[in-house]
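Summary of structural features
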Amino acid sequence: MIRPILFILLTVVVQGMFPILLPRAWGFDGPDLFLLLALIFAARLPMNWGILVAFLIGLFQDALGAGLMGLHATALAGAVYLFYGARVWLSQQTPGRETLCLILALIGQWTVFLFLTYWLRSNLVTVHTLYTVLPSQVGFTLLFTPLMYRMADWALGRVATDDRRI
C-alpha cells in the first residue's frame, strides 16, 4: 500500500522540479509525467476506470497548476481513450507497441488541447507553443518513459498481458 503512494508522490515532486531545472525561457519543457502516470494506471485498469482515473489525475494537475480547471483532465482522458484504442488495435507481438501507444496518446492529448483552444476561442495553444513546448515535451516524455514504467512495475506490479480484458 505504501509503494503506490510513494510512486505517485515521487511523480508529483519530480514533475514539479522540471520547471526549475529547465525554465521555459531556455526553450525547453520537461516531460509530461502526469500523462505517463495516467497511462500507467490505464494499462492496469479496465477502460471505464482508466479514463476516469486519467480525468482525476488531470484535475489534480489543473489544481496544482492553478490553471483552467478541466483542461488537462479532458486532455488526459482523450489521451487514455486513444491509448486504449491503440492497445486493442495493435497485438502484443507488434514491435514497439508501447512506444506507438505512447505516441498516439500524446497525439490524442494535443488534439484535445487544440480542440479546446478552438472551442473556447482562446490562446491556450499558440503556434509558439507548438514549435517550442511540444517537441521538447514529446522528447523528454519518450526519454522518461522506461524509467517511469520500471518504477511503476516496482510500485504497482507488472501489467497483465491479456489484451482481452480491455
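Structure report, in brief. Starting afresh in each chain, residues are numbered from 1 along the sequence in its written order. The predicted origin of the model limits local features to residues at a pLDDT of at least 70 and limits the giving and counting of side-chain atom pairs to 80 or more, whereas totals for whole chains, interfaces and linings rest on all residues. Hydrogens and waters are ignored; side-chain quantities use all the structure's heavy atoms.

1. Topic: the overall build of the protein chain
Only DSSP runs of H or I with at least four residues qualify as helices, and only runs of E with at least two residues qualify as strands; both kinds are numbered from the N terminus onward. Counting secondary structure elements, the protein chain contains six helices and zero strands. Ordered by position in the sequence, the α and β elements of the protein chain form the string α-α-α-α-α-α. Here the C-alpha atoms of the protein chain give a radius of gyration of 15 Å, agreeing with the 15 Å that 2.2 N^0.38 yields for 166 residues. Along the longest, intermediate and shortest principal axes, the C-alpha atoms of the protein chain span 40 × 30 × 30 Å. Contacts in the protein chain between residues far apart in sequence, at least 24 positions, make up 66% of those at least 6 positions apart. Computation of the radius of gyration draws on C-alpha atoms alone. For the globule rule, the value is 2.2 Å times the number of residues to the power 0.38. We call two residues in contact when some of their heavy atoms are within 4.5 Å.

2. Here's the deal with unusual backbone geometry
A positive phi angle is found at R121, which is not glycine, with a value near 50 degrees. Position of R121 among the secondary structure elements: in the loop between α5 (97-120) and α6 (127-156).

3. Looking at the side chain of Q15
Tracing the sequence through the fold places Q15 in helix α1 (residues 2-21). Q15 sits in the buried class, given a relative accessible area of 16%. In this structure Q15 touches P31, D32, L33 and F34, once residues within four positions along its chain are discounted. In this scheme, a residue with accessible area under 20% of its type's maximum is buried, one over 50% is exposed, and one in between is partly exposed, where area comes from a 1.4 Å probe on protein chains only.

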